[in-house]
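An overview of the molecular structure
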Amino acid sequence: GNSVTQMEGPVTLSEEAFLTINCTYTATGYPSLFWYVQYPGEGLQLLLKATKADDKGSNKGFEATYRKETTSFHLEKGSVQVSDSAVYFCATQGAQKLVFGQGTRLTINP
Amino acid sequence: DGGITQSPKYLFRKEGQNVTLSCEQNLNHDAMYWYRQDPGQGLRLIYYSQIVNDFQKGDIAEGYSVSREKKESFPLTVTSAQKNPTAFYLCASGPLRDSREKLFFGSGTQLSVL
């Protein structure tokens, strides 16, 4: 079945640094791809999505581009803030469900 | 306010005890899901339901049971057969046609073994 693999965490950056969290996928066909975010003590919420190749999803300064040639959907942000500290999950569509990666914990220091 | 509510926030289980985690949603969603979250392992699907009185096993259903008697409720029972129940449990829901896209999550229940 479809699956995603995320870069190992945790990731620690200083405020205003550039962020990349890597995600690669294995899929039959071209399923939609997603990034979900989990802030401390909360459930997950959808951050952004892309539904086809070369689509770029964006939200709250985060971006990710669906790249068929490299089977990737890396999450990027140009200047992170302390409030971006959270766990980030890459996800794709499985049969009747979403399939999540293992999550990457991001900590931003002031 | 519409949303998905999990309770309790923290739960402790004794040896040999069954415990039930509550999940209620007032979003009128058909599909509901239970995920288990362990550090470094991401989310693993336990059970899901797409319609009242019907549910399907996910990837790690052993030691768990569910019911879906009402559209808005999808309780999860962690039975004594689950030998390693300590984890963070997340309930989610979504409209059936979008359930493979956007899910709405509760704030989770942390289950620990005494």
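Heads up: the structure comes first, above all this text.
Residues numbered from 1 in each chain as written. Chains lettered and ligands numbered in written order. Predicted model: local features only at pLDDT ≥ 70, side-chain atom pairs only at ≥ 80, totals over all residues. Heavy atoms only, no water.

1. Focus: the overall build of chain A
In terms of regular secondary structure, chain A is built from zero helices and 12 strands. Against the 2.2 N^0.38 benchmark of 13 Å for 110 residues, chain A shows a C-alpha radius of gyration of 13 Å, consistent with a compact globule. Its C-alpha atoms put chain A at 40 × 25 × 20 Å along the principal axes. Across chain A, contacts joining residues at least 24 apart in sequence account for 55% of those joining residues at least 6 apart. If you sum the accessible surface of chain A, you get close to 5100 Å²; carbon and sulfur atoms cover 47% of it. Within chain A, one finds 9 positive and 10 negative side-chain charges whose respective centroids are separated by 8 Å. (Helix = DSSP H or I, 4+ residues; strand = E, 2+ residues; numbered from the N terminus. Rg over C-alpha atoms; globule rule 2.2 N^0.38 Å. Contact = heavy atoms within 4.5 Å. Areas by Shrake-Rupley, 256 points an atom, 1.4 Å probe, with all protein chains shown as cover. Lys, Arg positive; Asp, Glu negative; His and termini not counted. Charge placed at Lys NZ, Arg CZ, Asp CG, Glu CD.)

2. Thoughts on the sheet that holds strand 7 (residues 56-59) of chain A
Residues and elements named next belong to chain A. If you walk across this open sheet you meet the four strands as 3-9-8-7, and the pairing is antiparallel. Edge strands, defined here as strands with exactly one partner in the open sheet, are strand 3 (19-21) and strand 7. Shown here is a sheet whose adjacent strand axes are inclined to one another by a mean of 20 degrees, direction ignored. Where strand 7 lies against strand 8 (residues 62-65), four bridges are found, and the strand directions are antiparallel. Across the sheet, the residue bridging to N59 is F62, located in strand 8. (Pairing = 2+ DSSP bridges. Axes fitted to C-alpha atoms, helices over the stretch in contact; angles between N-to-C directions.)

3. Regarding the side chain of S49 of chain B
Residues and elements named next belong to chain B. Counting through the fold element by element, S49 comes out in strand 5 (residues 42-51). Polar contacts involving the side chain of S49 include one to the main-chain carbonyl oxygen of I51, which spans 3.1 Å. Polar contacts involving the side chain of S49 include one to the main-chain carbonyl oxygen of D54, which spans 2.6 Å. (Polar contact = N/O pair within 3.5 Å; in protein donor to acceptor, adjacent residues only side chain to side chain.)

4. Comments concerning the interface of chain B and chain A
Opposite the 22 residues of chain B that make contact, chain A presents 19 residues. Approximately 1700 Å² of surface area, both sides summed, lies buried where chain B meets chain A, with 48% of it carried by carbon and sulfur atoms. For the interface between chain B and chain A, the tally reads one salt bridge. Here K97 of chain A ties to D59 of chain B by a salt bridge, and the two come within 3.1 Å at their closest N and O atoms. Where chain B meets chain A, there are six residue pairs in polar contact (both at pLDDT 80 or more). Elements with a contribution of two residues or more to the side of chain B that touches chain A: strand 4 (31-38), strand 5 and strand 9 (87-94) of chain B. Per-element tally for the side of chain B that touches chain A: the top contributor is strand 5 of chain B, with five residues. Its residues assigned to classes, the side of chain B that touches chain A comprises nine nonpolar, eight polar and five charged. (Buried area = accessible area lost by both parts, 1.4 Å probe. Salt bridge = Lys/Arg side-chain N within 4 Å of Asp/Glu carboxyl O. Nonpolar A, V, L, I, M, F, W, Y, C, P; charged D, E, K, R; others polar.)

5. Points about the nonpolar core
Ranked by internal contacts, the top residues of the largest apolar core, which has 25 residues, are W35, L47, L48, F73, L75 and Y88 of chain A. Looking at this core, the elements with two or more residues in it are strand 2 (11-14), strand 3, strand 4 (23-26), strand 5 (33-38), strand 6 (44-50), strand 8, strand 10 (86-94) and strand 12 (104-109) of chain A. (Core = buried A, V, L, I, M, F, W, Y, C linked by side-chain atoms within 4.5 Å. Buried < 20%, exposed > 50% of the residue type's maximum accessible area, 1.4 Å probe, protein only.)

6. What to know about the sheet that holds strand 3 (residues 19-25) of chain B
Residues and elements named next belong to chain B. Strands sit in the order 1-3-8-7 across an open sheet of four strands; the sheet is antiparallel. Taken across any chain shown, the strands that pair with only one partner, and hence form the sheet edges, are strand 1 (4-7) and strand 7 (64-66). The mean angle between the axes of side-by-side strands here comes to 20 degrees, regardless of whether they run parallel or antiparallel.

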